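Results of the structural survey
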Amino acid sequence: MDRNALKSLSYGLYIVSSYKGDKLNGQIVNTAFQTTSRPPTIAVSINKDNLTHECIVASKVFSVSVLSEKTGMKTIGTFGFNCGRDIDKFKEFEYRIGITKAPIVLTTALAFIEAEVIHRVDLGTHSLFVGNAVAAEVVGQGTPLTYDYYHRTMGGKTPEKAATFSGSDAKTEGPHGPSSSYVCTVCGYVYNPATGDPRRNITPGVAFADLPQDWTCPVCGAGKENFEKQ
């Protein structure tokens, strides 16, 4: 099977959030979609190992924040490459508690939808949660962030637990140098001196060893100590 065919499917990029007791959590997903119009229902696919899955199972509710193209890598890194069991993902971001009591991320969001779970489908590694949409609101203006834009324009990576992850996703990043490229052991981002890090004003030609000590992975925010030479 040519897995490249699967990459031709189009996706958006969203933050799905929920809660368990007083614990709030959310994560980046690209598999969120409307399933029916009357009544309006929405479905999300969540890895069973993720805290968000645990929260949705417990509370039976979730919210979906539709992100814009202005979403920064800090947002992607926090919600996509860090575990809510280790950090408070909401600490540095704007959010509010919805009518379902699920948190709703508002930072660079264009809209949000709240849903109450009516079906859960076991997909092996993931669960597909289908929910009745009970609230929705447009909160911003702009262009929705797509998975294609995230990869092609932002240079983003696919987390290992994502529904669309393939082994090649984590270790590729454009043209690599022969032995001077360094890979992030957290998310798989590759720093290539030939391209530098334009978003941080790191010009092409800057060796990894010469990066500022406070430089961090542009995808997940990991420090230089988490990089290994390829």
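For the structure, see preceding data.
A closer look at the sheet that holds strand β12 (residues 227–229)
Read from one edge to the other, the open sheet built from 3 strands follows the order β11-β10-β12, with strand pairing classed as antiparallel. Each of the sheet's edge strands pairs with one partner strand only, and the pair in question is β11 (190–191) and β12. Pairing analysis gives 2 bridges linking strand β10 (residues 182–184) to β11, with the strands arranged antiparallel. When the bridges of β11 are listed, V183 appears paired with V190.

Things to note about the nonpolar core
Core analysis: the largest hydrophobic core is formed by 29 residues, its most contacted members being I76, Y150, Y189 and C217. Sorting the residues of this core by element identifies α2 (73–81) and α3 (147–152) as the ones contributing at least two each. Top element by residues in this core is α2. It accounts for 4 residues. Ranked by size, the runner-up nonpolar core spans 14 residues in total, among them A32, I46, I56 and V66.

A short note on α2
Most of α2 sits inside the fold, with 8 of its 9 residues counted as buried. Considered for burial, the residues of α2 that qualify are M73, T75, I76, G77, T78, F79, G80 and F81. Close packing links the buried residues of α2 with β1 (14–20), β2 (23–29), β5 (61–67), β7 (103–105) and α3.

Examining the pairing of strand β3 (residues 32–37)
Walk down a regular strand and you will see the side chains alternate between the two sheet faces. Pairing of β3 with strand β4 (residues 40–47), which is carried by 5 bridges, proceeds in the antiparallel orientation. Within β4, the residue paired with F33 across the bridge is A43. The hairpin formed by β3 and β4 contains 2 residues between the paired strands.

Re the sheet that holds strand β8 (residues 109–122)
Spatially, 7 strands are ordered β2-β1-β5-β8-β9-β4-β3 in an open sheet, and the strand pairing comes out antiparallel. Each edge of the sheet is formed by a strand with only one pairing partner; in this case those strands are β2 and β3. Averaged over neighbouring strand pairs, the angle between their axes works out to 35° when direction is ignored. Alignment of β4 against strand β9 (residues 126–138), held across 7 bridges, turns out to be antiparallel. Among the inter-strand pairings, I46 is bridged to a residue of β9, identified as S127. Strands in contact with helix α1 (residues 51–59) are β1, β2, β4, β5, β8 and β9; relative to β1, the strand with the most contacts, it is inclined by about 55°. With respect to the sheet, α2 is in contact with β1, β2 and β5, its orientation differing from that of β2 by roughly 110°.

Some details on the environment of T36
Residue placement: T36 occurs in strand β3. Assessed through its relative accessible area of 36%, T36 is described here as partly exposed. The spacing of T36 and N132 is 96 residues in sequence and 9.4 Å in space, taken between C-alpha atoms. Reaching out from T36, the side chain makes a polar contact with the backbone oxygen of P39 at a distance of 2.6 Å.

Looking at α1
The complete set of buried residues in α1 reads L51, T52, H53, C55, I56 and S59. In this structure, the buried side of α1 is in contact with β1, β2, β4, β5, β8 and β9. Residue K60 follows α1 closely and has a positive phi angle near 60°.

Criteria and thresholds
Residues numbered from 1 in each chain as written. Predicted model: local features only at pLDDT ≥ 70, side-chain atom pairs only at ≥ 80, totals over all residues. Heavy atoms only, no water. Pairing = 2+ DSSP bridges. Helix = DSSP H or I, 4+ residues; strand = E, 2+ residues; numbered from the N terminus. Core = buried A, V, L, I, M, F, W, Y, C linked by side-chain atoms within 4.5 Å. Buried < 20%, exposed > 50% of the residue type's maximum accessible area, 1.4 Å probe, protein only. Contact = heavy atoms within 4.5 Å. Axes fitted to C-alpha atoms, helices over the stretch in contact; angles between N-to-C directions. Polar contact = N/O pair within 3.5 Å; in protein donor to acceptor, adjacent residues only side chain to side chain.

As far as function goes, none of this settles anything; it's purely spatial.
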